[in-house]
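An overview of the molecular structure
Residues per chain, in single letters:
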Amino acid sequence: MVSFSSRTTSMDIQRNLEANVEKRTKDMYGPPMGKRLLVFMDDMNMPKVDEYGTQQPIALLKLLLEKGYLYDRGKELNCKSIRDIGFMAAMGKAGGGRNEVDPRFISLFSVFNIPFPSEESLHLIYSSILKGHTSVFHESIVAVSDKLTSCTLALYKNIVQDLLPTPSKFHYIFNLRDLSRIFNGLVLTNPERFQTVTQMVRVWRNECLRVFHDRLINETDKQLVEEHIGNLVTVHFKDDAEVVMRDPILFGDFRMALHEEETRIYEDIQDYEAAKALFQEILEEHNESSTKMSLVLFDDALEHLIRVHRIIRLDRGHALLVGVGGSGKQSLARLAAFTAGYECIVFGMKNLSNQVRKSNTSKSCDL
């Protein structure tokens, strides 16, 4: 596995290749006899373009794929033939830091282009997921599965059109992962707590806010997303709009966080006071078993805490907390990890790889 970035150099690629092959004869290298080495290169068009219009790693690989050899970087500049090696690569279309790759290099591969799915295909995929999950719910909820899917796709389309990436908003890149995260949140519901269409639409609004709204950096963009959601709810669920759009909107499965024997249930917490009472109890339990934290759980802190907890409870949930020093990022992350039942490990970037290797076999939250 080789992941390319804008800082990847030809020397990085050569060292990586040489580290994974062994010497067979004087100038011939390859994997162990009888084996074939397959190199997968991710984001292959990420390396920066130099002043001559070339990308160093691509130029090196072009030589290797065409001729079957490369040159040693030492004083003697020996020619090294590499045998029994194959290449696979993946890359997105040019733009957003990705560059155009030399077409002569691309011609050395069998190319498969995977376009964005049609709206009909997306609707079939996600409505099938939601219908399968809600098949044990009340029939009125099953009936709105198609409508919720249509609303999600319409919201996604509006956001992609209105919130384009810019130098100051380079992370405004939305893709199928975001759609999947919304439905990942919807399937956390259960028929005991979600018995009406209003409750289901309300949890849909929460998931859309968590996936799209939380990523935005200014009030104008956030207001735009809220307006899009409000319009969709008004058009498709007019009778339920008042309850669905009511704030605050706080969903989580932390009511039973201190009762390990109980099954966690994703639910609407309704208001700040209820959430504060639950987290205050969890905080007291944390302070008895670990380093004491003196936290004031005001409304904004509760919202951030619930966001972090929701993210790390989901499969492949990774959170990047951005804020000024001393704003409580680490404290809230610690409490969220404790609430989720995870072990919290704090480390700097220097010993990141060692700590991850030690902790990847256990349930953990890495800060």
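Treat the numbers as computed from the prediction; the structure is a model and nothing was measured.

A word on the state of the cysteines
Evaluation of the coordinates by the stated rule reveals 0 disulfides. Distance from the sulfur of Cys151, which forms no disulfide, to the nearest cysteine sulfur (Cys208) is 8.7 Å. Cys151 sits in the buried class, given a relative accessible area of 1%. Its relative accessible area of 0% is what places Cys208 among the buried residues.

With respect to the packing of helix H8 (residues 197-211) against helix H9 (residues 219-236)
Describing two packed helices takes the angle between their axes plus the distance from one axis to the other. Running from N to C, H8 and H9 point in directions that differ by 160°, and their axes come no closer than 11 Å. Taken together, the axes of H8 and H9 are roughly antiparallel relative to one another. Along this stretch, H8 crosses H9, giving a crossing that reads as right-handed. Mapping the contact onto sequence places Val201, Trp204, Arg205, Cys208 and Leu209 in H8 and Glu226, Ile229, Leu232 and Val233 in H9. Residue classes in the contact of H8 with H9 are distributed as 7 nonpolar, no polar and 2 charged.

As for the UniProt feature "domain: Dynein heavy chain 3 AAA+ lid" (unreviewed entry) in the protein
When the UniProt feature table is mapped onto this chain, "domain: Dynein heavy chain 3 AAA+ lid" (unreviewed entry) is found at residues 150-242. Annotated as residues 150-242, this span is 63% helix and 0% strand, and its ends, taken at the C-alpha atoms, are 20 Å apart.

What to know about the pairing of strand S6 (residues 79-82)
Two strands pair when backbone bridges link them, and strand S3 (residues 28-30) and S6 are joined in this way by 2 bridges, in the parallel orientation. Its bridge partner being in S6, Met28 is matched across the sheet by Ser81. By the bridge criterion, 3 bridges tie strand S5 (residues 69-71) to S6 in an arrangement that is antiparallel. In the sheet register, Tyr69 faces S6, and the bridge partner there is Ser81.

Description of a negative patch on the surface
Taken together, the side chains of Asp271, Glu273, Asp299 and Asp300 make up a negatively charged region of the molecular surface. Note on placement: Asp299 falls in helix H12 (residues 299-313).

Quick notes on the packing of aromatic side chains
Any pair of aromatic rings gets described here by the distance separating the centres and the angle formed by the planes. This model, assessed by the stated rule, comprises 9 aromatic pairs. Arranged with centres 5.7 Å apart and planes meeting at 85°, the rings of Tyr69 and Tyr71 form a pair that is edge-to-face. Assessed through its relative accessible area of 23%, Tyr69 is described here as partly exposed. For Tyr71, a relative accessible area of 40% puts it in the partly exposed group. Here Phe116 and Tyr156 contribute two aromatic rings whose centre-to-centre distance is 6.1 Å and whose plane-to-plane angle is 5°, an arrangement assigned as stacked.

Quick notes on unusual backbone geometry
In this model, Asp247 is joined to Pro248 through a cis peptide bond whose omega is 0°. Inspection of the secondary structure puts Pro248 in the loop between helix H10 (241-244) and strand S8 (251-252). In this structure, Asp84 takes a positive phi of about 55° despite not being glycine. Secondary-structure assignment places Asp84 in the loop between S6 and strand S7 (85-90). Positive phi values are uncommon outside glycine, yet Arg316 reaches one of about 55°. Assignment of secondary structure puts Arg316 in the loop between H12 and helix H13 (329-340). The exposed category is assigned to Arg316, whose relative accessible area is 71%.

A look at H9
Residue pairs three or four apart in sequence face the same way in an α-helix, which turns once every 3.6 residues. Given a rise of 1.5 Å per residue, 18 residues ought to cover 26 Å, and the 26 Å separating the end C-alpha atoms of H9 matches this to within 8%. Among the residues making up H9, those that are buried are Asp221, Val225, His228, Ile229, Gly230, Leu232 and Val233. Of the surrounding elements, those touching the buried residues of H9 are helix H6 (145-162), H8 and H10. Put simply, Asn218 is the residue that caps the front of H9, since its side-chain oxygen is 3.3 Å from the backbone nitrogen of Thr220.

Focus on the UniProt feature "domain: Dynein heavy chain AAA module D4" (unreviewed entry) in the protein
In this numbering, the UniProt entry assigns the feature "domain: Dynein heavy chain AAA module D4" (unreviewed entry) to residues 293-346. As a span, residues 293-346 carries 50% helix and 6% strand, and end to end its C-alpha atoms are 15 Å apart.

What to know about the side chain of Thr339
Its place among the elements puts Thr339 in helix H13. Polar side-chain contacts of Thr339 include one of 2.7 Å to the backbone oxygen of Leu335.

Analysis parameters
- Residues numbered from 1 in each chain as written.
- Predicted model: local features only at pLDDT ≥ 70, side-chain atom pairs only at ≥ 80, totals over all residues.
- Heavy atoms only, no water.
- Disulfide = S-S within 2.5 Å.
- Buried < 20%, exposed > 50% of the residue type's maximum accessible area, 1.4 Å probe, protein only.
- Axes fitted to C-alpha atoms, helices over the stretch in contact; angles between N-to-C directions.
- Helix = DSSP H or I, 4+ residues; strand = E, 2+ residues; numbered from the N terminus.
- Parallel < 35°, antiparallel > 145°, perpendicular 65-115°, else oblique.
- Left-handed = near helix turned anticlockwise from the far one by under 90°.
- Contact = heavy atoms within 4.5 Å.
- Nonpolar A, V, L, I, M, F, W, Y, C, P; charged D, E, K, R; others polar.
- UniProt positions renumbered as here; feature names shortened; annotations may be inferred.
- Pairing = 2+ DSSP bridges.
- Patch = residues over 30% accessible without salt bridge, like charges linked within 9 Å, V, L, I, M, F, W, Y side chains within 5 Å.
- Areas by Shrake-Rupley, 256 points an atom, 1.4 Å probe, with all protein chains shown as cover.
- Salt bridge = Lys/Arg side-chain N within 4 Å of Asp/Glu carboxyl O.
- Lys, Arg positive; Asp, Glu negative; His and termini not counted.
- Charge placed at Lys NZ, Arg CZ, Asp CG, Glu CD.
- Phe/Tyr/Trp six-rings, centres within 6.5 Å; stacked < 30°, edge-to-face > 60°.
- Expected span 1.5 Å × (residues − 1).
- Polar contact = N/O pair within 3.5 Å; in protein donor to acceptor, adjacent residues only side chain to side chain.

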